[in-house]
Amino acid sequence: MKKGQTEIVGLIFIVLFVIIIGSVFLLVFLKSGDDTFSRSEIKTSILANKFLATLIETEIEECSRKSIKSIIKDFYEGDTQCLVPPYDTSVNSKEYLEDNVFPIILTKIFSDKGRAYNFSITYVKGGVEEPPFYSSQGNFDKQYSTIRKAAPFIIPMDNPQNKIIFNLITKTN
Amino acid sequence: MKNKGQFQMMESVMFLVIFIILAAFLVVLYFTFSIDSQKAEIEIAVDKDSIDKSQIIFNLPEIKCSEKYSNVNNCIDLLKLKYLEPILKSNRAYYYNIFGNVKIEWEYIYPDLPGVNVLFDSEPENYLRKRPTELPVNIYNVNTNTMSLALLKITYYN
């Protein structure tokens, strides 16, 4: 190989090297933009947090128009009955919520709209977690593009060591 | 090759050809990423707009609960909501300036009442993007003194 040819080959190698380094730098630079939350993530997060905040305030007409928050709080303070109109039939408030309230709400907000959920309400007594007051999952094994966990909603009890915790994880596409 | 001069000329031409091909490759690469990046920026701007609009609508003082339930963050007054519907129709231009191209609907979740109520509809005939946002809300009915659960759906068109 002549001296001139060697120089050209060397130059081409340098140019190729610069191009490769430039491309890598460009890719890394463009990839860094993916750190921002996507619309789907923000909306799912808003939905999950607002869901817990609105759920606890929802009043159940069949349980003396008490809010869900109050019904669960009363349940753990000994008042476990709901008086269902029109004859004020006494039913267990936990069973009433399990059978007639939560399935409707979770189905209409999550399952019917193509979302998955993992929802639970647990009671912590003296720092020890008891078996869940309610726990339910819907389509949670399926693959979705976005998964968000709501900030746990904590309802304090009269005894500061006891509390009710609402948890929700939801998945959407 | 006849002589040394021709050979050197060929070398220069080859070098230029390779250099131009590489430069063209770089330019194509740059513009491809640049266009993708601009498209992504437009999508992000539309997403941001849709979320902003949903928050504006959700926090409208015209529908927020007052008095007893003013401390409940996600509370909408049913009576105000019912009265707002004719107001939105008679002041369409004013509210269009605030909302833009949106469709606002709501439906009861609990109690399980059927039907979707349309509050405002300015869906354009032609649009490129459609962004729905769903927000759970509490609906307070002053007549029955009950707090229900509903879903407010705001669809933003761009």
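If you're wondering where the values come from, they're calculated on a predicted model, not measured in any experiment.

1. A closer look at the packing of helix α2 (residues 78–90) of chain B against helix α3 (residues 92–99) of chain B
Residue and element names in this part refer to chain B.
Here comes step 1: Two elements in contact, α2 and α3, have axes whose closest approach is 5 Å; the angle formed by their N-to-C orientations is 95°. When the interaxial angle is binned, α2 and α3 end up roughly perpendicular. Residues L84, I87, L88, K89 and S90 of α2 lie in contact with α3, whose contacting residues are R92, Y95 and F99.
Here comes step 2: In the contact of α2 with α3, the residues fall into five nonpolar, one polar and two charged.

2. So, the pattern of salt bridges
Here comes step 1: All told, the structure shown has 13 salt bridges over all chains when counted by the stated rule.
Here comes step 2: The residue B:K48 makes a salt bridge to B:D52 at a minimum N-O spacing of 3.1 Å. Highlighted residues: B:K48 and B:D52, both in helix α1 (residues 4–58), separated by four residues, approximately one helical turn.
Here comes step 3: Under the relative-accessibility criterion, B:K48 is labelled exposed at 52%.
Here comes step 4: Judged by its relative accessible area of 33%, B:D52 is partly exposed.
Here comes step 5: Residues joined by salt bridges that share partners form a network here, namely A:K113, A:R115, B:E107 and B:E134.

3. What to know about the interface of chain B and chain A
Here comes step 1: On the side of chain A, 38 residues touch chain B, which itself brings 39 residues to the contact.
Here comes step 2: Area buried by chain B at its contact with chain A is led by B:F15, B:Y110 and B:P136, which between them contribute 19% of it.
Here comes step 3: Scanning the region where chain B abuts chain A turns up four salt bridges.
Here comes step 4: Between B:E107 and A:K113 there is a salt bridge, with its nearest N and O atoms 2.7 Å apart.
Here comes step 5: On inspection of chain B and its partner chain A, the count reaches 13 residue pairs in polar contact (both at pLDDT 80 or more).
Here comes step 6: For the side of chain B that touches chain A, the secondary structure elements donating two or more residues are α1, β2 (102–110), β4 (130–141) and β5 (146–157) of chain B.
Here comes step 7: If one sorts the elements of the side of chain B that touches chain A by residue count, α1(B) sits on top with 15 residues.
Here comes step 8: Classifying every residue of the side of chain B that touches chain A gives 23 nonpolar, 10 polar and six charged.

Criteria and cut-off values
Residues numbered from 1 in each chain as written. Chains lettered and ligands numbered in written order. Predicted model: local features only at pLDDT ≥ 70, side-chain atom pairs only at ≥ 80, totals over all residues. Heavy atoms only, no water. Axes fitted to C-alpha atoms, helices over the stretch in contact; angles between N-to-C directions. Helix = DSSP H or I, 4+ residues; strand = E, 2+ residues; numbered from the N terminus. Parallel < 35°, antiparallel > 145°, perpendicular 65-115°, else oblique. Contact = heavy atoms within 4.5 Å. Nonpolar A, V, L, I, M, F, W, Y, C, P; charged D, E, K, R; others polar. Salt bridge = Lys/Arg side-chain N within 4 Å of Asp/Glu carboxyl O. Buried < 20%, exposed > 50% of the residue type's maximum accessible area, 1.4 Å probe, protein only. Buried area = accessible area lost by both parts, 1.4 Å probe. Polar contact = N/O pair within 3.5 Å; in protein donor to acceptor, adjacent residues only side chain to side chain.

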